[in-house]
Amino acid sequence: PTTTGETPSHSLPIHPMLLSRTLPPTRRIGVGIVSHQIAKSSVIGGNDSFVSHHRQWHQHHATSISQYDLLGRHRPFSTSNITKSPPKNELKRHKLHIGFASLANTLPFSSPETSSTDEHPSSSMDPRASIMLTALRGGVSSLDCPAPPLMDGDASSFEKESCWRSNRQAEVQMANALDEAWGVLMEEDDGEAMRALHGNADGDDGAAVTISTRLGYRSAAVLSDETGSGYENDVQEKEGAFTWDARVGVLHPGVDASEAKDDEAKAPVALVHNLSQEYVLHSLQTSPLVERYKLDNTTGNAKKIQLISLAHNPETQIAAYLLSNQEEQKSTLLQRARDHMKQCLTSAFIGYEIAVKDGLIDGYGVDSNGLSLPTDHDMSLEWRDILECAVDAFIEVNGGNVGGKCSLKVVRLPGNLLERRGLEVAKEICSFFGDCGDETNSSLQEEGLPSFTDDQNDPYVQQKRRLRKMRNILPTSLKVHVTRPLTAYPFGGTGWEPTSSPGLTENSGAPPSFLQGKGTDGKIIDKTHPIRLLDYQIESGSIGQSPQLDWTNYHYNHHGPRPSAYQPILNAALSHFDAESILEASRERELTVEERETLDGCKLLRDMIHDLDASLDTMKSFAAYEKYLVNVAVPLIYGSFEELDEESAGVLQLFFRVHGMAVRMAVARWTRDMLLGGWKRANDGLKGDVCQKTLDKDQEKKVAKLWKALGFGFTGGYDVPEDVVLQEFALKYLLEEDSVRGVVIGCSRPEHVLEAMRAADASRSDGS
């Protein structure tokens, strides 16, 4: 997984069948025959379809959150009528960092009321600008730029120079959106937001806005000297252009000249990872953000933009070294791979120190998944190694006798309620610099002092002693920011064995049997279907009543474990497809071919509905459930029926809609129960006030086994209040951690920022 999540896409994969205008003529359901067009718009939901929904989702625009698609997912909605949210707790709000790269951290919160007649300037803004404007108004001034490469469109649409563009596209979009949001903020000119920004406790040197970028991955054309013509920019970043280029994937296979149309051949495009001085300086010197906010004094100084560049996933170089040196002696191969990674990171830090001296950036850091992995994991990254690399880089650039401190500012690592390792590392770093404000691990401040009990030949002991001697070069403090706070990956997303390394083994083993989904999907928790620490909003109300939105936790405690309309709609769907009239006719005569096909079709649909209903209480991942619907259920329907009558299509649409809400309830409940550990409500919790909790020892043992099976260290659970949504509880928990100086939250809509600020305002101001 990437730092902010495993997928940068805002949509589900859409099966080609759903985009086709015709259906395979295999079987008809004979309740009534309508045209392909009606069947398609009815089954897939017409204006409420998840096909049209996901097309709109890419544009980040829609009309109202109260409208649902077939899967029950909220549509994106207008950014109009966004009200100001003045800072109530700047001490916690300054910990919020707004990201745009992935939905893995996105908060599915409610929206403010919208008005179609609202003429607020933000209603027509770029979606990123609307998000930034909401953040800036509330005094949240730390923004996270998506990591390159950012590919435009389909991989088959690659053109020459596409690599150069994709490696800078995110920064261009970021700069344009910030300028747009800043312009609106200046027009308002009430001074409130600007006072909040300039008073931000997380800002350095009076910076109003801090932008974090990442360097490491890039798209690189695979070019030779003979094929480099026509790639004037791409040739500068072609694969192999920089020392230690490591290919980690192929983005496009290329088009051979013999197969190209109009004799336009296209070079293959690889995904390459690099951390070296030359690559860092090349990237920063050609960075759109650096050019706009550092080299252009009229723009940068006016906004007081602080740029922080982060070395992205240095542990990737460990895997690259292992893969390319498999013939070497195995006993020392891993240590040599780690030494290679440190050499790369030191080189990158040298480039960063030069860039700081040249005024290109204000500081640097590391963004790494490896920091949260156990120390015995092949892909683990030690935080002390980062400090040592920073010391070596500073000495290389400034000389051993030069005063001053290195410009290392930030480390980022995954951390949440389940992946506790990252929070432990944060406390270690905080204690090392004496920033925690308590006595936790205070011995870390004294580490490196001579001791008769230490083995002086141990490299670990030598490293500690060296870091102590170089305290004058190290920064006074080092901020730790937590990524993917609402998304937990088993074993850190690296596989089912603690020692498995991405790219080194095909599969490190199957998940535990009780987590494997059989038949209906939606049960699997793995590195592609992580645990989301979320409650969802669903429609509440019985059939015939006007629906309203309730959170899944509220609905569970006041109405039960299923949506109010679920059972009646389930019964209606099963009844509609019972084919009773055809069964009665079969007792009196031989059925026609069309009647037999209809009978088979009804049986298929009833079996599918039964399976979906029976699987509800075992659902653990809404993403896996969506994948099942898109890749299995819907193709099954379209592969089995040429046409559906309008009534049957409407029945299916209604069932899938309410079943999607029921899945949300089941997934959120399973997640909450896992977080609770052995804590349970004193009674059934139905209707009325939230109940007190008691500890169930048997349940605690079962949950502890589950945590262990997923690679999480069991903490005894959390006493999560029933009246608090999971995402608010998870964010408040992190914001109240003294050792956590920032929480990076992926936001795709402005109200996500507002709700994150509410969570910050609700957290305890003393951080205790």
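Conventions used here
Residues numbered from 1 in each chain as written. Predicted model: local features only at pLDDT ≥ 70, side-chain atom pairs only at ≥ 80, totals over all residues. Heavy atoms only, no water. pLDDT = per-residue confidence, 0-100. Contact = heavy atoms within 4.5 Å. Disulfide = S-S within 2.5 Å. Buried < 20%, exposed > 50% of the residue type's maximum accessible area, 1.4 Å probe, protein only. Helix = DSSP H or I, 4+ residues; strand = E, 2+ residues; numbered from the N terminus. Expected span 1.5 Å × (residues − 1). Polar contact = N/O pair within 3.5 Å; in protein donor to acceptor, adjacent residues only side chain to side chain. Arc of directions from axis to C-beta. Pairing = 2+ DSSP bridges. Axes fitted to C-alpha atoms, helices over the stretch in contact; angles between N-to-C directions. Core = buried A, V, L, I, M, F, W, Y, C linked by side-chain atoms within 4.5 Å. Parallel < 35°, antiparallel > 145°, perpendicular 65-115°, else oblique. Left-handed = near helix turned anticlockwise from the far one by under 90°. Nonpolar A, V, L, I, M, F, W, Y, C, P; charged D, E, K, R; others polar. Salt bridge = Lys/Arg side-chain N within 4 Å of Asp/Glu carboxyl O. Phe/Tyr/Trp six-rings, centres within 6.5 Å; stacked < 30°, edge-to-face > 60°.

Model confidence for the protein is summarised by a mean pLDDT of 75, while 69% of its residues fall at 70 or above. Within the model, pLDDT remains below 50 along residues 1-89, and this stretch shows 275 contacts once partners closer than five positions in the same chain are excluded. In the predicted structure, residues 102-122 sits below a pLDDT of 50 and forms 78 contacts with residues beyond four places in sequence or in another chain.

Per the stated rule, a full pass over the model turns up zero disulfides. Free cysteine: C344, not disulfide-bonded; nearest cysteine sulfur from C389 at 9.7 Å. Classification of C344 by relative accessible area gives buried; the value is 0%.

Helical periodicity: at 3.6 residues per turn, an α-helix aligns residues three or four positions apart in one direction. Taking 1.5 Å as the rise per residue, helix 22 (residues 646-676) with 31 residues should run 45 Å; its terminal C-alpha atoms sit 45 Å apart, in good agreement. The element helix 22 is largely enclosed, with a buried count of 25 among its 31 residues. Backbone nitrogen of E647 and a side-chain oxygen of the N-cap are separated by 3.2 Å at the start of helix 22; the cap is D645. Once helix 22 ends, the next one or two residues include G677, with phi positive near 70 degrees.

On to helix 20 (residues 593-614), then. Spanning 22 residues, helix 20 covers 32 Å between terminal C-alpha atoms, matching the ideal 32 Å at 1.5 Å per step. The complete set of buried residues in helix 20 reads E595, T598, G601, C602, L605, M608, I609 and L612. Down the axis of helix 20, the sector holding all buried residues measures 150 degrees, keeping them to one side. In this structure, helix 20 carries V593, K603 and A614 as exposed residues pointing more than 90 degrees from its buried face. In this fold, the buried residues of helix 20 make contact with helix 18 (566-576), helix 19 (580-586), helix 21 (622-640) and helix 22.

With that settled, consider the sheet that holds strand 4 (residues 217-221). Read across the open sheet, the three strands follow the order 4-6-5; overall the sheet is antiparallel. Every interior strand has two partners, whereas the edge strands, strand 4 and strand 5 (246-252), have only one. Each strand of the sheet is rotated relative to its neighbour by a mean of 35 degrees, with strand direction disregarded. Across five bridges, the pairing between strand 4 and strand 6 (residues 269-273) is antiparallel. Residue pairing in the sheet places A221 in a bridge with V269 of strand 6. Where helix 12 (residues 316-324) meets the sheet, it contacts strand 4, strand 5 and strand 6, and its direction lies at approximately 95 degrees from that of strand 5.

All right, on to the nonpolar core then. In terms of nonpolar packing, the biggest core is built from 157 residues, with I211, F349 and I531 touching the most fellow members. With 17 residues, the top contributor of residues to this core is helix 22. Here I211 is in contact with L143, C145, M174, L178, L289, Y293, I305, Q306, L307 and I308, once residues within four sequence places are set aside. Core analysis: the next-biggest nonpolar cluster, separate from the first, contains five residues, C163, A221, A267 and V269 among them.

Moving on: unusual backbone geometry. Working note: non-glycine residues mostly have negative phi, and peptide bonds are mostly trans. Cis peptide bonds are those with omega within 30 degrees of zero, and the linkage from P148 to P149 qualifies with -5 degrees. Note that P149 resides in the loop between strand 2 (142-144) and helix 6 (162-166). In this structure, N313 is a non-glycine residue whose phi angle is positive, near 45 degrees. The phi dihedral of R484 falls on the positive side, at around 35 degrees, and the residue is not glycine. Within the element layout of this structure, R484 appears in the loop between strand 10 (479-483) and strand 11 (487-488).

Side chains L96 and I98 project from strand 1 (residues 96-99) onto one buried face, and the interleaved H97 and G99 project onto a second face that is buried too. Where strand 1 meets strand 17 (residues 742-746), four bridges bridge the pair, whose relative direction is parallel. Residue pairing in the sheet places L96 in a bridge with V743 of strand 17. In terms of strand pairing, strand 1 meets strand 2 through three bridges, oriented parallel. Bridge pairing links G99 to D144 in strand 2.

So, about the sheet that holds strand 17. Strand order in this closed barrel of eight strands is 1-2-3-7-8-9-10-17, and the pairing throughout is parallel. When the angles between neighbouring strand axes are averaged without regard to direction, this sheet yields 25 degrees. Inspection of the sheet shows strand 10 paired to strand 17 by two bridges, in the parallel sense. Along strand 17, the bridge assignment pairs H481 with G742. Where helix 10 (residues 288-295) meets the sheet, it contacts strand 3 (209-215) and strand 7 (305-312), and its direction lies at approximately 150 degrees from that of strand 7.

A pair of packed helices can be characterised by two numbers: the angle between their axes and the separation between those axes. Between helix 14 (residues 383-398) and helix 16 (residues 459-469), the shortest axis-to-axis distance is 11 Å and the interhelical angle comes to 50 degrees. Classified by the angle their axes make, helix 14 and helix 16 are oblique. As for how helix 14 packs across helix 16, the hand of that crossing is left-handed. For the pair formed by helix 14 and helix 16, the contact residues are R384, D385, L387, E388, V391, D392 and I395 on the first element and Y460, Q463, K464, R466 and L467 on the second. Of the residues contributing to the contact of helix 14 with helix 16, the split by class is five nonpolar, one polar and six charged.

Let us look at the pattern of salt bridges. For the structure shown, the criterion picks out 25 salt bridges. In this structure, R562 engages D617 in a salt bridge whose closest nitrogen and oxygen atoms are separated by 2.9 Å. Here R562 is found in the loop between helix 17 (552-559) and helix 18, whereas its partner D617 is found in the loop between helix 20 and helix 21, with 55 residues between them in sequence. Classification of R562 by relative accessible area gives partly exposed; the value is 22%. For D617, a relative accessible area of 62% gives the class exposed. In this structure, the salt-bridge partner of E755 is R758, at a minimum N-O distance of 2.1 Å. Remark: R758 and E755 occur in helix 25 (residues 750-762); sequence separation between them is three residues, near one turn of the helix. Judged by relative accessible area, which is 14%, E755 ranks as buried. The class for R758 is partly exposed, based on a relative accessible area of 43%.

What follows concerns the packing of aromatic side chains. The relative placement of two aromatic rings is captured by the distance of their centres and the angle of their planes. Considering all chains together, one arrives at 11 aromatic pairs under this definition. Ring geometry for F622 against Y625: centres 5.6 Å apart, planes inclined by 45 degrees, an arrangement best described as tilted. Remark: Y625 and F622 occur in helix 21; sequence separation between them is three residues, near one turn of the helix. Look at F622 and you get buried, because its relative accessible area is 8%. Taking relative accessible area as the criterion, Y625 reaches 0% and is therefore assigned buried. When the centroid spacing of 6.2 Å and the interplanar angle of 75 degrees are considered together, the rings of Y718 and F729 count as edge-to-face. Placement of the pair is Y718 in the loop between helix 23 (697-709) and helix 24 (726-735) and F729 in helix 24, with a sequence separation of 11 residues. The pair formed by Y718 and F729 is uniform in burial state, with each residue classed as buried. Among the aromatic residues, ring-to-ring pairing joins F349, Y352 and Y364 into one connected group.

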